[in-house]
Every structure is written in C-alpha cells, then in structure tokens.
Amino acid sequence: MNAASTKIKQIPLSKVLPIRHQVMWPDKPFEYIMLPNDDRGSHFGLFINGEIIAVISLFIENNKAQFRKFATLVIHQGKGFGTMLLKRIVIIAQEEGVKKIWCNARVEKSKFYERFGLKSTDKTFEKGGIHYVIMEKIFRDN
C-alpha cells in the first residue's frame, strides 16, 4: 500500500465506536466499548483509500497522555497500519508537550508497545478475562 492512499486524521467519536466494538469486544454490548470520558478525548483514524481501518483515542491531562481503545480491523492487522497510527499519536503527544504517554496494554501485546519505547510498569490488572499491564514512556526533553 503506498503512502498516498493512507491517511491519518482526527475523527468524531461516532466513527471510532463501530471499529472499537467490532475489533475489541464484538460479543459484548455496544456500550461496553464506550468510555466515560470519551467526550474529552481526541479520536483518530487511519484510512486506506477513504475507508477507516484503524482507530485510537488520545486523552491528555496534567502533562500526561493516555492512548486507549487502539483497534485495527482484523483483515488489516499485521500489515504495519497500527504501527503507523501509533507513531503518529506519539508525535502528537510530544507536540502537545506532555511529559509521559501511557496505556493499558494487553499483556500478550506488550512486545509491540516496547517497539515505541514504552516500558512495562509493575501495575497489572484483569478485565473481561484479559490480563493487562500499564506501560509508559517518559519524554525527557520537550
């Protein structure tokens, strides 16, 4: 896929929710994938030829950025699109001047996040039968 046909842009929450639901928790009620603070986040989508195939939400508060609900349609996973989207989100967070970016990572995906400089903390939890670890990256100089 050439770069000209791939675009990342900020999108409304209404465009994010269906992808979140389809990829992350298709067997749960639609409301399960909604966050109480979704209205305070910035939501981004990665488009191929005008079709949204990956989404992520970014929440910035008190010099910290959390990305949440990072999802790529199954037929597009493993092709580098998630990497493109997450790289852009890290840049956006840095441009906003945050000191730290973090996420709740599924334990089995932690190696993926390490490629972006995120490190596992000692904070873990379980939700819906899935084990998570909190991962973070501290920005030294902004």
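Scoring rules and cut-offs
Residues numbered from 1 in each chain as written. Predicted model: local features only at pLDDT ≥ 70, side-chain atom pairs only at ≥ 80, totals over all residues. Heavy atoms only, no water. Phe/Tyr/Trp six-rings, centres within 6.5 Å; stacked < 30°, edge-to-face > 60°. Helix = DSSP H or I, 4+ residues; strand = E, 2+ residues; numbered from the N terminus. Lys NZ or Arg CZ within 6 Å of the ring centre and 35° of its normal. pLDDT = per-residue confidence, 0-100. Expected span 1.5 Å × (residues − 1). Buried < 20%, exposed > 50% of the residue type's maximum accessible area, 1.4 Å probe, protein only. Salt bridge = Lys/Arg side-chain N within 4 Å of Asp/Glu carboxyl O. Pairing = 2+ DSSP bridges.

Draft legend 1. View of the packing of aromatic side chains. Applying the stated criterion across every chain yields a total of seven aromatic pairs. Pairing Phe70 with Phe112 gives two aromatic rings, centres 6.2 Å apart and planes at 35°, and the pair type is tilted. Of the two residues, Phe70 sits in strand S4 (residues 64–72) while Phe112 sits in helix H3 (residues 110–114), which places them 42 residues apart along the sequence. For the cation-ring pair, Lys28 lies above Tyr32, with the distance from its terminal atom to the ring centre recorded as 5.0 Å. Directly above the aromatic system of Tyr32 lies the positively charged group of Lys127, at a separation of 4.7 Å from the ring centroid.

Draft legend 2. Layout of the confidence of the model for the chain. Here the chain averages 92 in pLDDT, and 96% of its residues register 70 or above. Within the chain, the lowest mean pLDDT, 94, falls on helix H1 (residues 13–24), and the highest, 97, falls on strand S2 (residues 42–48).

Draft legend 3. Representation of helix H2 (residues 81–95). Its 15 residues place the ends of H2 21 Å apart at the C-alpha level, agreeing with the 21 Å of an ideal helix rising 1.5 Å per residue. Taken together, the buried positions of H2 are occupied by Phe81, Gly82, Thr83, Leu85, Leu86, Ile89, Val90, Ile92 and Ala93. Positive backbone phi, at 85°, marks Gly97, one or two positions downstream of H2.

Draft legend 4. Representation of the pattern of salt bridges. Summed over all chains, the structure comprises three salt bridges. Asp38 is the partner of Arg20 in a salt bridge, and the nearest nitrogen-oxygen pair spans 2.8 Å. You can see Arg20 sitting in helix H1 and its partner Asp38 sitting in the loop between H1 and S2, a full 18 residues away along the chain. What makes Arg20 buried here is its relative accessible area of 0%. Salt-bridge contacts for Lys100 lead to Glu136; the nearest nitrogen and oxygen are separated by 3.2 Å. Placement of the pair is Lys100 in strand S5 (residues 100–106) and Glu136 in strand S7 (residues 130–138), with a sequence separation of 36 residues. Accessibility expressed as a relative area gives 22% for Glu136, which makes it partly exposed.

Draft legend 5. Layout of the pairing of strand S3 (residues 51–61). Within S3, eight of the eleven residues are buried, leaving the element largely enclosed by the surrounding structure. Across seven bridges, S2 lies against S3 in antiparallel orientation. Across the sheet, the residue bridging to Phe47 is Ile52, located in S3. Between S2 and the antiparallel strand that follows it, S3, lie two residues; Asn49 among them carries a positive phi value of about 50°. Between S3 and S4, which pair antiparallel in sequence order, lie two residues; one of them, Asn62, sits at a positive phi of approximately 55°.

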